[in-house]
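This is what each chain is made of:
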Amino acid sequence: MRVTFLGVRGSTPAPGEAFVRYGGHTSCVAIAHDGAVPSLLLDAGTGIRRTSSLMNGEPFRGSILLTHLHWDHVHGLPFCDATDRVDSRVTLFVPDQLDGSVPLEVLSRGMSPPHFPVRADELRGDWSFESLSASSLEVDGFSVLVEEIPHKGGRTYGFRISDRTGSVVYMPDHCPSALGDGPDDLGEYHETAMSLCQDADVLIHDAQLRREELAAEAYFGHAAVEYAVELARRANVKRVVPFHHKQSRTDDELDDMARRFDGYPQVTFATQQTVIQL
Ligand SMILES: [Zn+2]
Ligand SMILES: [Zn+2]
């Protein structure tokens, strides 16, 4: 399995020279089988526009899994050259909102006039829209475990993606303090988070905040980087990848944060250049 980070920023894109090294695109991670082009995309933030750089000119043929429907996780969807072409084939999994709406209706609340000129079913290519519930499913040759996790404002999932080479957990938006302060005032190491992460090779996790910012800013629904690292340690994860960096966090500030975490587990702050091979 090869994991390529296409967008690592949280909340809104962050252009400008202070953000070049980590990158300004919002959440998108591409997953590929060994030696193949990506067939699975996690979220559709503006980073999804970079998918075509991995496709060797081929159309994208596979699936997109959305953790939730906040802007920073869907706004790249209409602007991806690899999916918006006549020969693409895309299955888009949309979190079930438990209100009886079909997936395209849910998506169209943000992606249709007057918010946006086109609907998702007007994009080019062969698209299908599936409702996603907490479950285990096979997607394009990967085993995917889907679990609901606390965030804020709409149903939000964490994913565990596995194949014979290993497992990657993706939890870009997670608010463990919504369940209580936990043992170190960073939020609860709750059962769902622990079961998603247990013995995984890689954990890609919300690192929007620092410990000292939690009290003032946790109401946006995010975690502190210290929680991500401690969750990985408790769940015996080999490598944790802090992700969904705060929109105002500069490259130099992220370097400073990264220097604080030496030792177990291995900590790799996500950049738009990060590639992990399992
Ligand atoms: Zn987000
Ligand atoms: Zn969110």
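Residues numbered from 1 in each chain as written. Chains lettered and ligands numbered in written order. Predicted model: local features only at pLDDT ≥ 70, side-chain atom pairs only at ≥ 80, totals over all residues. Heavy atoms only, no water.

Visitor: Sorry, what's going on with the nonpolar core here?
Guide: Across soluble globular proteins, you tend to see nonpolar side chains buried next to one another. The biggest cluster of nonpolar side chains holds 31 residues, and the ones touching the most others in it are Met171, Cys197, Leu203 and Phe269. At the level of secondary structure, the elements contributing two or more residues to this core comprise β10 (166–171), α3 (191–197), α5 (225–234) and α6 (251–259). Leaving out residues up to four positions away in the same chain, methionine 171 has contacts with Ile149, Gly158, Ala193, Leu196, Cys197, Leu203, Ile204, His205 and Asp206. (Core = buried A, V, L, I, M, F, W, Y, C linked by side-chain atoms within 4.5 Å. Buried < 20%, exposed > 50% of the residue type's maximum accessible area, 1.4 Å probe, protein only. Helix = DSSP H or I, 4+ residues; strand = E, 2+ residues; numbered from the N terminus. Contact = heavy atoms within 4.5 Å.)

Visitor: In this structure, what is going on with the packing of aromatic side chains? I would like to understand it.
Guide: We describe a pair of aromatic rings using the distance from one ring centre to the other and the angle between the two ring planes. Per the stated rule, a full pass over the model turns up eight aromatic pairs. Seen from their ring centres, phenylalanine 159 and tyrosine 170 are 6.5 Å apart, and the 15 degrees between their planes marks the pair as stacked. Of this pair, phenylalanine 159 sits in strand β9 (residues 157–163) while tyrosine 170 sits in strand β10, placing them 11 residues apart in sequence. With centroids separated by 5.7 Å and ring planes inclined at 70 degrees, the aromatic side chains of tyrosine 170 and phenylalanine 243 adopt a geometry described as edge-to-face. (Phe/Tyr/Trp six-rings, centres within 6.5 Å; stacked < 30°, edge-to-face > 60°.)

Visitor: Sorry, what's going on with the pattern of salt bridges here?
Guide: When the charged atoms of two side chains with opposite charge come close together, those side chains can pair. Scanning all chains against the criterion turns up 19 salt bridges. Residue glutamate 213 pairs with lysine 246 through a salt bridge whose shortest N-O separation is 3.3 Å. One end of the pair, glutamate 213, is in the loop between β11 (202–206) and α4 (214–217); the other, lysine 246, is in the loop between β12 (239–243) and α6, with 33 residues separating them in the sequence. Taking the relative accessible area as the measure of exposure, glutamate 213 reaches 10% and is therefore buried. Here lysine 246 falls in the buried class, since its relative accessible area comes to 10%. In this structure, glutamate 213 and arginine 249 form a salt bridge, with 2.9 Å as the shortest nitrogen-oxygen distance. (Salt bridge = Lys/Arg side-chain N within 4 Å of Asp/Glu carboxyl O.)

Visitor: Honestly, α5 in this entry has me stumped. Any pointers?
Guide: Summarising burial for α5: eight of the 10 residues are buried, a large majority. Turning to α5, its buried residues are Val225, Glu226, Tyr227, Ala228, Val229, Glu230, Leu231 and Ala232. On its buried side, α5 packs onto α3, β11, β12, α6 and β13 (266–267).

Visitor: What is the right way to read the coordination of the zinc ion (ligand 1) from this model?
Guide: As a benchmark, a tetrahedral metal site with four donors has ideal angles of 109.5 degrees, while an octahedral site with six donors has ideal angles of 90 or 180 degrees. Note on the zinc ion (ligand 1): its protein donors are Asp72 (OD), His73 (NE2), Asp173 (OD) and His244 (NE2). The metal-donor distances range over 2.1 to 2.3 Å. Seen from the zinc ion (ligand 1), its four donor atoms lie at angles of 91 to 167 degrees, and the figure they make is irregular. Donor residues for the zinc ion (ligand 1) sit on one chain with the sequence pattern D-H-x99-D-x70-H. Distance-wise, the zinc ion (ligand 2) is placed 3.5 Å from the zinc ion (ligand 1), both being coordinated by aspartate 173. With histidine 73 in helix α1 (residues 71–74) and histidine 244 in the loop between β12 and α6, this residue pair connects regions lying 171 residues apart in the sequence. Residue class for histidine 73 comes out buried when judged on its relative accessible area of 0%. With relative accessibility at 0%, the residue histidine 244 sits in the buried group. (Donors = N, O, S within 2.8 Å, 3.2 Å for Na, K, Ca; no water. Tetrahedral: all angles 85-135°; square planar, octahedral: opposite > 155°, others 65-115°.)

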